[in-house]
Amino acid sequence: MTSDTQRLNLKREVGIIGAVSFIAGTMIGSGIFMSPQFVLSAIGSPGASFVIWTFCGLIAMLGGLCYAELGTVIPESGAEYIYMLWTAGKVVAFMFVFSFIIVMRPASATGIALGLAEYVLAPFYSGCTPPQLVVKCVAAGIIMVLAIVNCLSVRLATAIQVVSMVVKLLALAVIILGGVVMLFQGHTENFKNSFEGTNVDVSSIGIAFYQGLWSYEGWNTLNFLTEELKHPEVNLPRALVIAISLVTGLYLLVNVSYLTVMTPRELMSSNAVAVTWGNKVLGSWGWIMSVAAALSAFGSLNGTFFSGGRVCFVAAREGHMPDILAMAHIHRLTPSPALIFTTIVSLLVLIPGDFQSIVNYFSFTAWFFYGITLSGLLYLKIKKPELPRPYKVPIILPILVIIVAVFLVLAPIVDNPQIEYLYVTLFIFSGAIVYIPFIHYKLCPGLLTKLTVFLQLFLEVAPAEKNL
């Protein structure tokens with residue numbers, strides 16, 4: 001029995017198609033169907049919003065290429081957590097995983113689930129906004145369904161991602177083609193004086209980037225599951241370039257279509273942009289866009305769960321979370337305890353959350369840690385050039401993304417200080433306080449040991465080794 005436990009690890013079952021689907025499928029979720037109005041309202045003009053969307057795609061590509069090098073130099077799952085553990089030390093890595101598990105990943109999952117619930121309910125509340133209680137109940141049900149799917153099978157989760165990817169590409173193709181047809185019919189009035197009314201203050205630009213980058217969130221998905229990726233030294237950079245290029249092109253074309261069909265005012269006042277677009281272009285068939293947007297967000301949420309559970313799993317394997325979270329199901333080989341824990345926290349975050357606030361605070365926290373992670377890449381390039389690098393990028397790329405990260409963290413605070421950003425910052429640094437008694441000195445070990453043994457038997461799980 002001991003030898004079987006020692007050999008237990010996650011399988012490499014994600015190929016290039018699955019890899020592209022996980023990145024693009026996680027990126028193309030509720031964001032492109034909900035964020036355009038928030039980007040436009042923050043920046044103030046259609047022309048400036050296109051600039052924001054273009055730069056967001058460029059930032060995602062540069063960040064993705066830098067992460068591709070990190071993923072091949074440090075070929076372990078866990079993304080930012082494992083990279084910080086190598087470069088910034090245990091305390092900073094724990095601060096990240098503490099924030100990630102309690103705030104970032106649940107906020108991301110909750111934001112997507114709320115967007116998905118809005119689209120599911122849109123046909124039933126035509127002309128009015130669905131009650132928040134109903135939206136949150138539907139979102140909770142969706143989160144639980146996907147948690148069960150990810151606990152049951154890696155192959156099933158991957159298959160959902162691929163199918164969802166096809167559906168969302170078809171949905172975006174319909175939106176793009178509808179916009180092209182109307183452009184050729186001469187509907188260009190919304191593009192006249194397209195930069196008029198642009199907000200050029202630092203806070204507005206920062207918030208517009210937060211909302212735009214939310215739609216690109218997921219470019220680092222593969223780094224969370226490197227140990228389950230076939231030939232990561234080849235497939236990781238290749239999948240990143242294919243997926244991010246595809247998504248950036250689609251987002252720009254979709255925004256053109258939205259503004260061809262709707263005036264800026266209509267776009268900013270819509271709760272479900274794709275449904276409003278569908279009602280204006282497809283008439284009685286407008287409900288199709290609601291279904292397509294819902295399926296798109298479903299795939300994005302699936303990718304978020306798939307990757308988020310892996311961080312919790314890897315952190316526990318390194319001793320920064322309870323041992324039970326580092327275990328995998330003995331038959332299904334999925335990190336089910338970590339996925340269950342992530343689900344519970346996501347449901348708790350769902351109770352007080354609203355979409356726009358979740359996006360802003362998630363983005364603030366995420367870019368704080370992206371900056372630290374890419375500083376680690378600079379450290380490895382300068383101090384450890386002897387490490388094998390199957391793939392590498394010029395040193396200027398991480399420097400550029402670090403500058404962007406510093407701007408995105410500081411811009412909303414400097415120009416328009418809000419007490420909530422102070423709370424988020426204090427929470428991030430509170431991880432260092434939690435680390436000392438519970439991780440460094442390992443308080444309450446007896447109670448945790450008994451609970452771990454009980455849960456291990458109840459959930460049929462065992463410790464899993466690294467799959468390198």
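Going by the structure above, here's the rest.
Here we summarise the structure given alongside this text. (Residues numbered from 1 in each chain as written. Predicted model: local features only at pLDDT ≥ 70, side-chain atom pairs only at ≥ 80, totals over all residues. Heavy atoms only, no water.)

The next subject is the pattern of salt bridges. Overall, the coordinates contain 3 salt bridges when judged by the stated rule. Between E69 and K381 there is a salt bridge whose closest N-O contact spans 3.1 Å. Here the residue E69 occupies a position in helix α4 (residues 46-73), and K381 occupies one in helix α16 (residues 355-383), the gap between them amounting to 312 residues. Here E266 ties to K280 by a salt bridge, and the two come within 3.4 Å at their closest N and O atoms. Of this pair, E266 sits in helix α12 (residues 264-269) while K280 sits in helix α13 (residues 273-281); the two residues are 14 residues apart in sequence, bridging distant segments of the chain. Residue E266 is classed as partly exposed on the basis of its relative accessible area of 31%. Residues participating in the shared-partner salt-bridge network are E69, K381 and R389. (Salt bridge = Lys/Arg side-chain N within 4 Å of Asp/Glu carboxyl O. Helix = DSSP H or I, 4+ residues; strand = E, 2+ residues; numbered from the N terminus. Buried < 20%, exposed > 50% of the residue type's maximum accessible area, 1.4 Å probe, protein only.)

Attention now moves to the state of the cysteines. Enumeration over the complete set of coordinates arrives at 0 disulfides. C56 forms no disulfide, and the closest cysteine sulfur to it belongs to C66, at a distance of 16 Å. (Disulfide = S-S within 2.5 Å.)

Moving on to empty space enclosed by the protein. Tallied over the entire structure, the rule returns 3 cavities of 30 Å³ or more. Lining of the second largest cavity is provided by E80, F100, M104, R105, E217, N220, F224, F362, A366 and Y370. Contributing elements (two or more residues each) for the lining of the second largest cavity: α6 (90-121) and α16. Of the residues assigned to the lining of the second largest cavity, the class counts are 6 nonpolar, 1 polar and 3 charged. (1 Å grid on protein atoms, 1.4 Å probe; cavity = no way out; pocket = protein on both sides within 12 Å on 5 of 7 lines; lining within 4 Å. Points joined across faces, edges and corners; volume = space filled by probe spheres on them. Nonpolar A, V, L, I, M, F, W, Y, C, P; charged D, E, K, R; others polar.)

Time to look at the environment of A464. Mapped onto the elements, A464 comes out in the segment after β2 (461-463). Judged by relative accessible area, A464 falls into the buried class, the value being 9%. Sequence spacing of A464 and T425 is 39 residues, and the spatial spacing of their C-alpha atoms is 34 Å.

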